[in-house]
Every structure is written in C-alpha cells, then in structure tokens.
Amino acid sequence: MARAATTADAFNAVAEPRRRQILDVLADGELSVNAIVEELELAQPQVSKHLRVLREVGAVEVRDRGRQRLYRLNGHALKPIHDWVRHYERSWSERFGELDVVLEEFQQPERGDGGGDDE
C-alpha cells in the first residue's frame, strides 16, 4: 500500500520546488495569497495548498488584516535546513579553496621551457 509523502518537517516541505518559490517571494516581505498568485503566475488553489503545508511546518506565518490574510516568512523554522547545509558549506569552501590553488598554478606562465631566451 502506497504511503502519502509526509511534509511534517521543513526539509520535506521545501523539497517541492513551488514551495521554495513561495518562500523566495516571501523573503522580500509580507504578501497576500493574491499577490503570491500574481507574482508566481500560479493558480490560487495551488498556492493556497502550498501555503497550508508551509504553515503546518512553521515556515510561514499568517495574520489577518481585515478580510485579507497576509503571509510572511518565518526563518526560524528553516534553521534546521541552514544548520544542515552549513556542514556541507565548510567542505565546499575547502574544495573551492583547493581548486583556486590549482587554477592559479595553471594560469602562471611556464618557466624554463627551453626557449633559449634566458641564456
């Protein structure tokens, strides 16, 4: 029997590309559902569904302003993702540093190529 995918944590919630797009849009500030729909050119029901998942894991918060609901990013809920990626970021930085050294060696002109100008 197939099991439904869980979105009980931030990792699973942001695995969906559309949800990441919504988070990117909300990173600039608070928006209504209609503004998100307009920005991403998605159907309103689809945006609402993704916002519900993001709310459930705490990645977005909502507040009422009259008849309008405004959504905003809750970066604190995304901290576990940041912490996990930071571990790999150290490794990437070290490897890029090593690559920089190799690239610098390739870019230096070769010396002692036997051209005879040094004699």
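It should be noted that the structure appears before, not after, this text.
Residues numbered from 1 in each chain as written. Predicted model: local features only at pLDDT ≥ 70, side-chain atom pairs only at ≥ 80, totals over all residues. Heavy atoms only, no water.

Caption draft 1: A look at the packing of helix α2 (residues 17-26) against helix α3 (residues 33-40). Contact geometry for α2 and α3: axes closest at 11 Å, N-to-C directions at 110 degrees. Overall, the two elements α2 and α3 adopt an arrangement that is roughly perpendicular. Crossing geometry of α2 relative to α3 is assigned as right-handed. Each of Gln21, Ile22, Val25 and Leu26 in α2 lies in contact with α3, whose residues at this interface are Ile36, Glu39 and Leu40. Its residues assigned to classes, the contact of α2 with α3 comprises 5 nonpolar, 1 polar and 1 charged. (Axes fitted to C-alpha atoms, helices over the stretch in contact; angles between N-to-C directions. Helix = DSSP H or I, 4+ residues; strand = E, 2+ residues; numbered from the N terminus. Parallel < 35°, antiparallel > 145°, perpendicular 65-115°, else oblique. Left-handed = near helix turned anticlockwise from the far one by under 90°. Contact = heavy atoms within 4.5 Å. Nonpolar A, V, L, I, M, F, W, Y, C, P; charged D, E, K, R; others polar.)

Caption draft 2: Layout of helix α4 (residues 44-56). Under the 1.5 Å per step criterion, the end-to-end length of α4 is 18 Å for 13 residues, consistent within 8% with the ideal 18 Å. Along α4, the positions that sit buried rather than exposed are Val47, His50, Leu51, Val53 and Leu54. Here the buried residues of α4 occupy an arc of 160 degrees about the axis, which is enough to place them on one side. Across from the buried face of α4, at angles greater than 90 degrees, the exposed residues are Pro45 and Glu56. Close packing links the buried residues of α4 with α1 (10-13), α2, α3, β2 (60-65) and β3 (68-73). Looking one or two places after α4, you find glycine 58, whose phi comes out positive at around 85 degrees. (Expected span 1.5 Å × (residues − 1). Buried < 20%, exposed > 50% of the residue type's maximum accessible area, 1.4 Å probe, protein only. Arc of directions from axis to C-beta.)

Caption draft 3: Just the environment of alanine 8, in detail. Mapped onto the elements, alanine 8 comes out in the segment before α1. As for alanine 8 and leucine 54, which are separated by 46 residues in sequence, their C-alpha atoms are 9.6 Å apart.

Caption draft 4: Structural view of the side chain of asparagine 74. Considering the arrangement of structural elements, one finds asparagine 74 in the loop between β3 and α5 (79-107). Apart from the residues lying within four places of it in its own chain, the contact partners of asparagine 74 are Gly58, Ala59, Val60 and Glu61.

Caption draft 5: Fine view of the pattern of salt bridges. In total, this model carries 7 salt bridges according to the counting rule given. With a closest N to O distance of 3.1 Å, glutamate 30 and arginine 72 form a salt bridge. One end of the pair, glutamate 30, is in the loop between α2 and β1 (31-32); the other, arginine 72, is in strand β3, and 42 residues separate them in sequence. Glutamate 56 serves as the salt-bridge partner of arginine 52, at 3.0 Å between the closest nitrogen and oxygen. Of this pair, arginine 52 and glutamate 56 both sit in helix α4, 4 residues apart, which is roughly one turn of the helix. On the basis of relative accessible area, arginine 52 is assigned to the partly exposed category, the value being 39%. On the basis of relative accessibility, which here comes to 52%, the residue glutamate 56 falls in the exposed class. Among the ionic contacts, a cluster of salt bridges with common partners joins Glu30, Glu61, Arg63 and Arg72. (Salt bridge = Lys/Arg side-chain N within 4 Å of Asp/Glu carboxyl O.)

Caption draft 6: Geometry of the pairing of β2. Here β2 runs beside β3; their pairing, made up of 6 bridges, is antiparallel. For aspartate 64, the partnering residue across the bridge sits in β3 and is arginine 69. (Pairing = 2+ DSSP bridges.)

Caption draft 7: Here's a closer look at α3. Of the residues making up α3, those classed as buried are Val33, Ile36, Val37 and Leu40. Projected down its long axis, α3 shows its buried positions confined to an angular sector of 100 degrees, all on one face. Summarising the geometry of α3, the exposed residues directed more than 90 degrees from the buried face are Asn34, Glu38 and Glu39. Against the buried residues of α3 lie α2, β1, α4 and β3. Glutamate 41 sits one or two positions beyond α3 and adopts a positive phi of about 55 degrees.

None of this, on its own, says anything about what the molecule does.
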